[in-house]
Amino acid sequence: MASRLRPVPLPRVTLTPLPDPPYDGEQRGPEPATHGALALAPADPRPLVWGPPGSVPDERHLRHLGQALAEILTGRRPPETVSDRLTERAYAELVRAGQMIHTTGRPLVGVPHVTQPREGAIEMCLLVHCGERSHVLALRLERRGVQWLCTDFETA
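A brief look at the structure comes next. The model shown is predicted, which means the values in this text are computed figures rather than measured ones. Note that residues are indexed from 1 along each chain, following the sequence as it is written. Reporting of local features is limited, given that this is a predicted model, to residues whose pLDDT is at least 70; pairs of side-chain atoms are given and counted only at 80 or more, and all residues count toward the totals for whole chains, interfaces and linings. The side-chain quantities take in all heavy atoms of the structure and omit both hydrogens and water.

**Description of the environment of T104**
Position of T104 relative to the elements: it lies in the loop between α2 (88-97) and β1 (108-109). Between the alpha carbons of T104 and C130 there is a distance of 7.8 Å; along the sequence they are 26 residues apart. Secondary structure follows DSSP: runs of H or I at least 4 residues long count as helices, runs of E at least 2 residues long count as strands, and numbering of each begins at the N terminus.

**Some points on the pattern of salt bridges**
In the sections that follow, a salt bridge refers to a side-chain nitrogen of Lys or Arg positioned within 4 Å of a carboxyl oxygen of Asp or Glu. All told, the structure shown has 7 salt bridges when counted by the stated rule. A single network of salt bridges, built from pairs that share partners, joins R118, E123, R140, E142 and R144.

**Here's the deal with the side chain of E142**
With respect to the helices and strands, E142 occurs in strand β4 (residues 133-144). We define a polar contact as two N or O atoms separated by no more than 3.5 Å, with the added condition that, inside protein, one atom must be a possible hydrogen donor and the other a possible acceptor, whereas residues neighbouring each other in sequence contribute only through side-chain atom pairs. A distance of 3.0 Å separates the side chain of E142 from the side chain of R140, its partner in a polar contact. Should any heavy atoms of two residues lie within 4.5 Å, those residues are considered in contact. In contact with E142, other than residues within four places in its own chain, are R118, G120, A121, Q147, W148, L149 and T151.

Given below as structure tokens:
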């Protein structure tokens, strides 16, 4: 008599961190092809616009911007992919800075720590995990009309 063996389920391997779930009523479209990048797609023409005047951007948008800047500072993404999200001075500084963070792996940003020093300004810092060594990325964003623009950044 042949015994019936149940197939053993294979372990499930997933990438971390898992993408954020959609917010209530939000529909997700197809994922952009960014060759492993987690952040802003190069062809994403939408400006960083969040809510009515006085509202603060949500964590997911801030994390995506931080991820994009971390990828640029490690040389894994061209700076022009975020040119519409930075002021002219900040963009020129980003281009001049070039590859400031050296890593063999892909950078991964942590949860942003956000403060609002005054109305219309946000300062945040993110821990950038780069394999064996981590770095800190600090950003300042200011509201220009309905759009938030990065006006300054630092990394250590």
